[in-house]
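Working through the structure, step by step
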Amino acid sequence: MGDPPRRTARARLRARAIPSNPAFWRSPVRGVRFTAVLGLVLLAGITVVFVTGLLSYAAYNPDLAAVNDKTPEKGWLGFYLFAWPTGPPWLYRLTQGLHVTVGVVLVPVVLAKLWSVIPKLFALPPAASPARALERISLLLLVGGVLFELVTGVLNIQLEYLFPGSFYPLHFYGAWVFMAAFLAHVGLKLPRALRVLRHGVTRPDTDELASPAPAEPTVSRRGALAMVGAGSLLLLITTGGRSFDGVPRRLALLTPRGGAEPGSGPDGFQINKTAASVGVTAADTGDGWRLTLVGPAGEFRLTRAHLLAMDQYDAALPIACVEGWSTSDQRWRGVRLRDLAVRAGHPDGAADVLVESVQRAGPFRTVALRDNQVRDPRSLLALGVNGADLSLDHGYPARVIVPAAPGVMNTKWVTRMTFGGL
Ligand SMILES: Nc1nc2c(c(=O)[nH]1)N[C@H]1C(S)=C(S)[C@@H](COP(=O)(O)O)O[C@H]1N2
Ligand SMILES: [Mo]
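Every residue gets a number counted from 1 within its own chain, in the order that chain's sequence is written. Here chains are named by letter from A upward and ligands by number from 1 upward, in the order in which they appear as written. With the structure being a predicted model, the display of local features is reserved for residues of pLDDT at least 70 and the display and counting of side-chain atom pairs for 80 or more, all residues being used for whole-chain, interface and lining totals. Based on all heavy atoms of the structure, the side-chain values leave hydrogens and waters out of the count.

To continue, consider the environment of Pro217. Helix and strand assignments follow DSSP, with helices taken as H or I runs no shorter than four residues and strands as E runs no shorter than two, numbered in order from the N terminus. Within the secondary structure, Pro217 is located in the loop between helix 6 (167-199) and helix 7 (221-240). According to the relative accessible area criterion, Pro217 is exposed, its value standing at 55%. Taking the C-alpha atoms as reference, Pro217 lies 5.9 Å from Pro28; in sequence the two are 189 residues apart. Working definition: with a 1.4 Å probe on protein chains only, accessible area under 20% of the residue-type maximum means buried, over 50% means exposed, and in between means partly exposed.

What follows is the structure in structure tokens.
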């Protein structure tokens, strides 16, 4: 006969080396309080990201025309779509800046939250009861969903066209799957989180997230939370600034369109795609360039001189990209879209319009604008900006600029506009 107590001790040690044993997880920082704080931060942050994400999709006016609809199989998930307004002009700057910036800033919080509950994810048996089985499945969708949304979102802002055409459906459907799991999770856990934060953990043995065999602390719970907060703050500083000029933008090192201003002249603000990068040449935009207007009154071909001979108006409007960066207001000058609508045969100046670029390929060469966008007196077919002619990279000879619209609606190198009958 061996020595039973010693063998038990060895067996206990061996069991500890397996992640499904709660004693494997030894950090004294884990506990319901730590998790509850992170959970409440995520509840607030994810709500902002989800709502602004839905708004971003609505801002494309996807129900207006097939060219706008990046998720044509959305079905009833498009139930909430509405005519995106044209004011205030900074609306999309705000909603999309929040969407991307808050999403990025939440990354350390999400990672810390996952870390804090990781013993639960390994717990065995995987499904002690049907209710536990359902909870485990919802956790899979929850964890998988949040990681999927963060990864696709970050890759899209960093690499722009990694998923040509497929980013929108991926990110959109992923969001709905994640949110379904998120709502179930909030319903299950919020009461407990609030109770813990209000009254504390009354008896240590009721803290289901605390380690049963805690190691010596190397950092306090408060210190660990402060580290997560510092990580988020660092991300805020290195990404959030690309919505502002000057010092904040220079600090936005981690983002496209962060960093230095592209030159200092009248055209010295951020460029999404250069003419060269999408194959637009001087021949496309030189003397042979024409704008074709189509509408009930017929079809007209206008030169840039014709357009310059029409009434010219100014509008101070930003460019706000779906990637989350934006410019401050630029002083655009050109022809009102509604004057072009009148010219095309819509006397009230209100009609939807299909805008086409001389650009031959690529995702944003055509877009449809809604009648409220055409009617707004600040909506221009711009010929110049900040007192100079447009540069080729900003859309010379003519580009659309519409208040409060996502950057993608502001088509550059416009060559054809079809009013009405979308
Ligand atoms: N023809 C054409 N127009 C376009 C694009 C494009 O790729 N092709 N990109 C759009 C996007 S995504 C943005 S954010 C704005 C950026 O305008 P800017 O380059 O003048 O800043 O242009 C829009 N207009
Ligand atoms: Mo954009």
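This is not the end of the story, as more comes after the structure.
Our focus in this paragraph is empty space enclosed by the protein. Using protein atoms alone on a 1 Å grid, points that fit a 1.4 Å probe yet trap it form a cavity, whereas open point sets bounded by protein on both sides within 12 Å along at least five of seven lines form a pocket; residues with an atom within 4 Å of a point count as lining. Grid points are joined across faces, edges and corners, and a volume is the space filled by probe spheres set on the points. What the rule picks out here adds up to four cavities of 30 Å³ or more. Taken as a whole, the largest cavity encloses approximately 620 Å³ of empty space. Taken together, 31 residues form the lining of the largest cavity, with Val49, Gly53, His99, Glu149 and His171 sitting closest to its centre. The set of elements that each furnish at least two residues to the lining of the largest cavity consists of helix 2 (32-59), helix 3 (91-105), helix 5 (130-159) and helix 6. Lys, Arg, Asp and Glu make up the charged group, whereas Ala, Val, Leu, Ile, Met, Phe, Trp, Tyr, Cys and Pro make up the nonpolar group; the residues left over, Gly among them, are polar. Here the lining of the largest cavity is built from residues that sort into 21 nonpolar, nine polar and one charged. Of the volumes computed, that of the second largest cavity is approximately 300 Å³. If you trace the second largest cavity, you find 20 residues lining it, with Asn272, Phe364, Gly407, Asn410 and Lys412 closest to the centre.

With that settled, the discussion passes to the side chain of Thr35. With respect to the helices and strands, the residue Thr35 is situated in helix 2. For Thr35, a relative accessible area of 9% corresponds to the buried category. The residues contacting Thr35, other than those within four sequence positions of it, are Lys113, Ser116, Val117 and Leu209. Two residues qualify as a contact provided that any one of their heavy atoms is within 4.5 Å of a heavy atom in the partner residue.

Near ligand 1, the surroundings consist of 18 residues, among which Gln270, Gln359, His394, Arg399 and Lys412 are the closest. Nitrogen and oxygen atoms within 3.5 Å of one another constitute a polar contact, given that in protein one can donate a hydrogen and the other can accept it, and given that sequence-neighbouring residues count only through two side-chain atoms. Ser357 has a polar side-chain atom sitting 3.2 Å from a nitrogen atom of ligand 1. Residue Gln359 places a side-chain N or O atom 2.6 Å away from a nitrogen atom belonging to ligand 1. The method behind every accessible area is Shrake-Rupley, applied with a 1.4 Å probe, and residues are considered shielded solely by the protein chains displayed. With the chains in place, 100% of the 530 Å² that ligand 1 exposes on its own is no longer accessible. Among the cavities detected, the one that contains ligand 1 is the second largest cavity. What makes a residue near a molecule or strand is one non-hydrogen atom of that residue sitting within 4 Å of it. By definition, a pocket or cavity contains a molecule when more than half of the molecule's atoms lie within 2 Å of the pocket's grid points.

Oppositely charged side chains may form a pair once their charged atoms are brought near each other. Only one rule defines a salt bridge in this text: a Lys or Arg side-chain nitrogen within 4 Å of an Asp or Glu carboxyl oxygen. For the coordinates displayed, the defined rule picks out 13 salt bridges. Between Arg333 and Asp314 there is a salt bridge whose closest N-O contact spans 2.8 Å. Taken together, the residues span a long stretch of sequence, with Arg333 in strand 4 (residues 330-336) and Asp314 in strand 3 (residues 313-317) at a distance of 19 residues. Judged by its relative accessible area of 38%, Arg333 is partly exposed. Ionic contacts of the salt-bridge type, sharing partners, join the residues Arg132, Glu135 and Lys189 into one network.

Further remarks concern the UniProt feature "transmembrane region" (unreviewed entry) in the protein chain. Per the UniProt entry, the sites bearing "transmembrane region" (unreviewed entry) are residues 34-60, 98-118, 139-158 and 170-188 in this numbering. As a span, residues 98-118 carries 95% helix and 0% strand, and end to end its C-alpha atoms are 29 Å apart. Annotated as residues 139-158, this span is 100% helix and 0% strand, and its ends, taken at the C-alpha atoms, are 28 Å apart. UniProt positions are given in the numbering used here, feature names are shortened, and annotations may be inferred rather than shown by experiment.

Domain parsing of the protein chain yields domain 1 (14-243) and domain 2 (276-419). Residue ranges for the domains trace back to a domain assignment, done automatically or taken from a database. The distance between the C-alpha centroids of domain 1 and domain 2 comes to 39 Å. Taken together, the contacts link 31 residues of domain 1 with 30 residues of domain 2. Each of two parts loses accessible area, computed with a 1.4 Å probe, when they are put together; buried area is these two losses added. At the boundary of domain 1 with domain 2, total buried surface from both sides reaches about 2500 Å², with 55% on carbon and sulfur atoms. For domain 1, the biggest contributors to the area lost against domain 2 are Thr86, Pro89 and Arg93; these three give 26% of the whole. Where domain 1 touches domain 2, the interface holds one salt bridge. Note that Asp63 is salt-bridged to Arg370, the shortest N-O span being 2.9 Å. Taken together, the links from domain 1 to domain 2 amount to 14 residue pairs in polar contact (both at pLDDT 80 or more). At the level of secondary structure, the elements contributing two or more residues to the side of domain 1 that touches domain 2 comprise helix 2, helix 3 and helix 5.

To obtain each axis, a line is fitted to C-alpha atoms, and for helices this fit is confined to the stretch in contact; angles are then taken between N-to-C directions over 0 to 180 degrees. Where helix 2 meets helix 7, the axes come as close as 10 Å, and the angle between the chain directions of the two elements is 25°. By the criterion of interaxial angle, the relationship of helix 2 to helix 7 is roughly parallel. Seen along the crossing, helix 2 lies across helix 7 with a hand that is right-handed. Counting all contacts with helix 2, which are made through Phe34, Val37 and Leu38, the residues of helix 7 involved are Arg221, Ala224, Leu225 and Val228. Classifying every residue of the contact of helix 2 with helix 7 by side-chain character gives six nonpolar, no polar and one charged. Should an angle lie under 35 degrees it is considered roughly parallel, over 145 roughly antiparallel, and from 65 to 115 roughly perpendicular; all remaining angles are considered oblique. Helix crossings get a hand from a simple test, with the near helix turned counterclockwise from the far one by less than a right angle marking a left-handed crossing and a clockwise turn marking a right-handed one.

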